[in-house]
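Remarks on the overall topology
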Amino acid sequence: MFKIVVLISGNGSNLEALINACKNKIINGSIDLVISNNPSAYGIERAKNHSIDFKIVDNKRFKTREDFDKALVEKLKDSNPDLIVLAGFMRILSSVMTKTFKNKIINIHPSLLPKYPGLDTHNMVIKNGDLKHGVTIHYVNEVLDGGEIIAQGEMPVNANETYEEIKTRIHRIEHVMLPMVVSKFADGTINTEKIIYEKFK
Ligand code: GRF
């Protein structure tokens, strides 16, 4: 069975989408472990509700990024994951993690990278009057949102659309795209060509 570990920091709606996709056999794999750096992340409740093993690695307890990553590697080694999915995981990983799990860590980011790495992407889109926005799934390296792009999904931005409206639509796209991409990993059909999903409405 293809083993997936999901790292979260907050709400975990993308985690929920992955859990459902595994249950519905859209993904031929199982989520063996959820790790949160935030002890009060709602995503932990979601893992509990589905009886998925979870661990908390609180970054505040570590002096350096590398020490935190070493603790993550320790927790992850037992699970021996085929794929590590960062789904709203708000930490930059160091080479301690990225070298240990080379080409096995992916992240979902709410913008059309390389545009708008980092936080606050929806506000940037509004502020700059962008006509399109979207979601990127990429490999993780030590550069914030800087790894090789695997897939992108694009949507038009409507006139006068609010932050909340944009956020809702982006989430809807994420919840479709992330399971689709993870299922390709599980099936071994991910290749080096960037996947562009049709325009979302
Ligand atoms: C998503 O928009 C994801 O792209 C970003 O953080 C958000 C996490 O949402 N990295 P959730 O915790 O999965 O609900």
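The coordinates are above.
Residues numbered from 1 in each chain as written. Predicted model: local features only at pLDDT ≥ 70, side-chain atom pairs only at ≥ 80, totals over all residues. Heavy atoms only, no water.

1. With respect to the environment of Asn11
What counts is decided by this rule: A run of H or I in DSSP counts as a helix once it spans at least four residues, and a run of E counts as a strand once it spans at least two, with each numbered from the N terminus. Relative accessibility under 20% of the residue-type maximum defines a buried residue, over 50% an exposed one, and the middle range a partly exposed one, all with a 1.4 Å probe and only protein chains included. In what follows, a contact means two residues having at least one pair of non-hydrogen atoms within 4.5 Å.
Within the element layout of this structure, Asn11 appears in the loop between strand E1 (2–8) and helix H1 (13–23). You can call Asn11 partly exposed: its relative accessible area is 42%. Taking C-alpha positions, Asn11 is 22 Å from Ile26, a pair spaced 15 residues apart along the chain. Sequence-distant contacts of Asn11, that is, excluding residues within four places in its chain, are made with Tyr42, Gly43 and Arg46.

2. Examining H1
Residues spaced three or four apart along an α-helix face the same direction, because each turn holds 3.6 residues. Most of H1 sits out of view: 9 of its 11 residues are buried. Along H1, the residues classified as buried are Ser13, Asn14, Leu15, Glu16, Ala17, Leu18, Ile19, Ala21 and Cys22. For H1, the elements touching its buried residues are E1, strand E2 (29–36), helix H2 (42–49), strand E4 (83–86), strand E5 (105–109) and helix H6 (163–187). One or two positions beyond H1, positive phi appears at Lys25, with a value near 65 degrees.

3. Observations concerning the site of the ligand
This is how it is decided: The rule for a residue being near a molecule or strand is that one of its heavy atoms must lie within 4 Å of it. As used in this structure description, the phrase polar contact means that two N or O atoms lie within 3.5 Å; if the pair is within protein, one of them must be able to donate a hydrogen and the other to accept it, and residues adjacent in sequence are counted only when both atoms belong to side chains. In the scheme used here, Gly and all other residues not listed as nonpolar or charged are polar, with Ala, Val, Leu, Ile, Met, Phe, Trp, Tyr, Cys and Pro taken as nonpolar and Asp, Glu, Lys and Arg as charged.
Taken together, Asn11, Gly12, Ser13, Asn14, Gly88, Ile108, His109, Pro110, His171 and Glu174 make up the full set of residues near the ligand. The separation between an oxygen atom of the ligand and a polar main-chain atom of Gly12 is 2.7 Å. The side chain of Ser13 places a nitrogen or oxygen atom 2.5 Å from an oxygen atom of the ligand. Contributing elements (two or more residues each) for the shell around the ligand: H1, E5 and H6. A per-class count over the shell around the ligand returns 2 nonpolar, 7 polar and 1 charged.

4. What to know about the pattern of salt bridges
Applied cut-off: Definition used for salt bridges: Asp or Glu carboxyl oxygen within 4 Å of a side-chain nitrogen of Lys or Arg.
Within the structure shown, the criterion is met by 5 salt bridges. Here Glu45 ties to Lys48 by a salt bridge, and the two come within 3.6 Å at their closest N and O atoms. Here Glu45 and its partner Lys48 are both found in helix H2, 3 residues apart, which amounts to about one turn of the helix. Exposure remark for Lys48: the relative accessible area of 42% places this residue in the partly exposed category. With a shortest N-O distance of 3.4 Å, Asp130 and Lys115 are connected by a salt bridge. In this pair, Asp130 sits in the loop between helix H5 (121–127) and strand E6 (132–139) while Lys115 sits in the loop between E5 and H5, placing the two residues 15 residues apart along the sequence.

5. As for the side chain of Asn37
Locating Asn37 in the fold gives a position in the loop between E2 and H2. Excluding anything up to four places from it in sequence, Asn37 contacts Ile8, Ser9, Val57, Asp58, Asn59, Phe68, Phe89 and Arg91.

6. As for the nonpolar core
This is how it is decided: Remark: nonpolar core denotes a set of buried residues (Ala, Val, Leu, Ile, Met, Phe, Trp, Tyr, Cys) joined through side-chain atoms within 4.5 Å.
Among the nonpolar cores identified, the biggest contains 42 residues, and Ile4, Val6, Ile31, Val85, Ile106 and Val182 are the most heavily contacted of them. Looking at which element gives the most residues to this core, the answer is H6, with 9 residues. Residues contacting Ile4, with those up to four places away along its chain left out, are Cys22, Ile27, Gly29, Ser30, Ile31, Asp32, Leu33, Leu83, Val85 and Val182. Judged by nonpolar contacts, the second largest core, of 18 residues, contains Val5, Ile35, Val57 and Val140.

7. Focus: the packing of aromatic side chains
Worth spelling out the cut-off: Ring pairs shown here join Phe, Tyr and Trp side chains whose ring centres sit within 6.5 Å, with only the six-membered ring taken for Trp; geometry is labelled stacked below 30 degrees between planes, edge-to-face above 60, and tilted in between. Charge over a ring is defined by NZ of Lys or CZ of Arg lying within 6 Å of the ring centre and within 35 degrees of the ring normal.
Counting across every chain of the model gives 3 aromatic pairs. Look at Phe68 and Phe89: their rings are 6.5 Å apart centre to centre, the planes differ by 15 degrees, and that puts the pair in the stacked class. Of the two residues, Phe68 is situated in helix H3 (residues 65–79) and Phe89 in the loop between E4 and helix H4 (95–100); the sequence distance between them amounts to 21 residues. Residue Phe89 is classed as buried on the basis of its relative accessible area, which comes to 6%. One aromatic cluster is present, built from ring pairs that chain together Phe62, Phe68 and Phe89. Its guanidinium or amino end placed over the ring of Phe68, Arg91 lies 5.4 Å from that ring's centre, counting from NZ or CZ.

8. Side note on H3
Note the following rule: Helices are assigned an expected span. That span is 1.5 Å times one less than the residue count.
Between its first and last C-alpha, H3 extends 22 Å over 15 residues, near the 21 Å set by a 1.5 Å rise per residue. Along H3, the residues that are buried comprise Phe68, Asp69, Ala71, Leu72, Val73, Leu76 and Ser79. If you follow the buried residues of H3, they end up packed against E1, E2, E4 and H4. Just downstream of H3 lies Asn80, where phi reads positive at about 45 degrees.

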